[in-house]
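# Observations on chain architecture
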Amino acid sequence: MDALFRKHDRLLANTSMNIVREKMNEIHWNAQLVSIMGAKGVGKSTLIKQYLKRSYKPTDRSVLYCSADTVDFSTRTLVGLAEEFVIRGGELLVIDEIHKYKPGTSDWSREIKEIYELFPELRVIVSGSSLLRLKEGDADLSRRAVKYTMLGLSFREALRFYHGLTFPKWTLEDVLDHPYDLWQMVTSKCKPVALFKEYLEYGYYPFFLEGRGEYYMRIEQVVNYIIENELPRICKVDIANVRKIQALVALICGEVPFELNANKIASALEIGRDTVVEYLKYLGDAKVLNLLYSDKKKIGKLAKPDKVYLENPNILYALAPTKAEIGTLRETFAVSCLMESHQVEYGKTQGDLKVDGKYTFEIGGRSKDFSQIAGVKDSYVFADDWDIPDGAKLPLWMLGFLY
């Protein structure tokens, strides 16, 4: 236990408090069990360590941060650790990278449930892969945990992280109803169109702060880690098919926004059509892809998505075999922003996107007009390289203020 506390001390001492994400204030840290999930690289571990550093003195032994991917857990169980910690007066136990505990098993969920029941006075925070959102074990544990999902930086957050510009979040309804107010607020401090182009290329992942030179290589490493390690470990994907999943992602990167022909892909990769659909859904859960359907009500286990996007524009820049196509980048950005808290469907016949079953959005450049959505109620054009709101034609960057 003393060795764990020494690691805890070093990790927190090395954690910078220069920039703290607003997610910090959204989490109910005092709940008995808190679950924070998200894709690798979005800053889950940093946020948790920042909370501990902000809330506890360095010598406080009522709190312990540890990671399940260390050698400490090769001979130690979660329940055993919790019991020893409680006996020594522990009040808050943080277990990071929970999905790496006893690879190939779901023991972590059973042990966390047991800790919850045995030690009601102990608060527990766990964090792990986005894939655990649907793989978190039995329903009893899911009901007990207060769950949060972390995404990478929005355009609004990136302005604060990289340029020191602070703006409040806007709801979609406020953006649509009062776009000029948002435009006036932002343009009084910066030139958003230029900074938006920068954001599409860099900055979704907070590790951009560590340097631009290796940024795309690190994104590629994140995606490969998910495919090569998390999918086999969490989703029981046959290791022999890892290369085929990588080929699937490469195929999508070259053609996104990708209108899916599952049978054609299955033939090219020499795997079954249902397997293609299954792998796409895993990649969606892992926050590598965003999957759109023309009707959310018809989604089933074997239902194929109608359109497939990379999860964010930075992945597209990092993985696209040739220069990323600007139309693809625009749609990828719009879907990424809206998927956080809205129902997004593939427009199919009218508009690019149907949002919350009400709004129709057309995404394009400054020359984009309303010809494709003429006469459609509650329809809007979001245009890149567009300087100022003009009726229902709004600057695309405004969608980056939704979270």
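So, here is what we can say about the structure in this document. Since this is a predicted model, take the numbers as computed values, not measurements.

Reading guide: rules and limits
Residues numbered from 1 in each chain as written. Predicted model: local features only at pLDDT ≥ 70, side-chain atom pairs only at ≥ 80, totals over all residues. Heavy atoms only, no water. Helix = DSSP H or I, 4+ residues; strand = E, 2+ residues; numbered from the N terminus. Buried < 20%, exposed > 50% of the residue type's maximum accessible area, 1.4 Å probe, protein only. Polar contact = N/O pair within 3.5 Å; in protein donor to acceptor, adjacent residues only side chain to side chain. Contact = heavy atoms within 4.5 Å. Pairing = 2+ DSSP bridges. Axes fitted to C-alpha atoms, helices over the stretch in contact; angles between N-to-C directions. Core = buried A, V, L, I, M, F, W, Y, C linked by side-chain atoms within 4.5 Å.

### A word on the side chain of S62
- Tracing the chain through its elements places S62 in the loop between α2 (44–55) and β2 (63–67).
- Residue S62 is classed as buried on the basis of its relative accessible area, which comes to 12%.
- Within the structure, S62 has its side chain in polar contact with the side chain of D60 (distance 2.6 Å).
- Leave out the neighbours within four places in its chain, and S62 touches Y56, F85, G89, G90, E91 and L92.

### Observations regarding the sheet that holds strand β8 (residues 307–310)
- As summarised here, the arrangement of the 3 strands in space is β6-β8-β7, forming an open sheet in which the pairing is antiparallel. Edge positions in the sheet fall to β6 (258–259) and β7 (289–292), since each has one partner strand and no second.
- Direction of pairing for β7 relative to β8: antiparallel, over a ladder of 4 bridges. Bridging from a neighbouring strand, N290 pairs with Y309 of β8.
- Along the sheet face, helix α15 (residues 326–338) touches β7 and β8 and points at about 90 degrees away from the line of β8.

### Some points on the nonpolar core
- Membership of the largest hydrophobic core comes to 111 residues, with the highest contact counts inside it found for L52, L353, F361, F382 and L399.
- With 9 residues, helix α10 (residues 215–235) is the single largest residue contributor to this core.
- What L399 contacts, discounting residues up to four positions off in sequence, is L172, F333, A334, C337, L338 and F382.

### Observations concerning unusual backbone geometry
- One non-glycine residue, K236, adopts positive backbone phi at about 60 degrees.
- Note on placement: K236 falls in the loop between α10 and α11 (242–255).
- A positive phi is found at D385, a non-glycine position, where the angle reads about 60 degrees.
- Counting through the fold element by element, D385 comes out in the loop between β12 (379–383) and β13 (393–395).

### Some details on the sheet that holds strand β1 (residues 33–38)
- With respect to topology, 5 strands assemble into an open sheet ordered β2-β3-β4-β1-β5, the strand pairing being parallel. A strand with exactly one partner marks an edge of an open sheet, and here the two such strands are β2 and β5 (146–150). When strand polarity is set aside, the average angle formed by the axes of neighbouring strands in this sheet is 15 degrees.
- Examined bridge by bridge, strand β3 (residues 92–96) and strand β4 (residues 123–128) share 4 bridges and lie parallel to one another. Of the residues in β4, the one forming a bridge with I95 is V126.
- Against the sheet, helix α4 (residues 107–118) makes contact with β1, β3 and β4, and its axis sits at roughly 165 degrees relative to β4, the strand it touches most.

### A short note on the environment of K358
- Tracing the backbone shows K358 in the loop between β10 (353–355) and β11 (359–364).
- Along the primary structure K358 and T149 are separated by 209 residues, whereas in three dimensions their C-alpha atoms are 25 Å apart.

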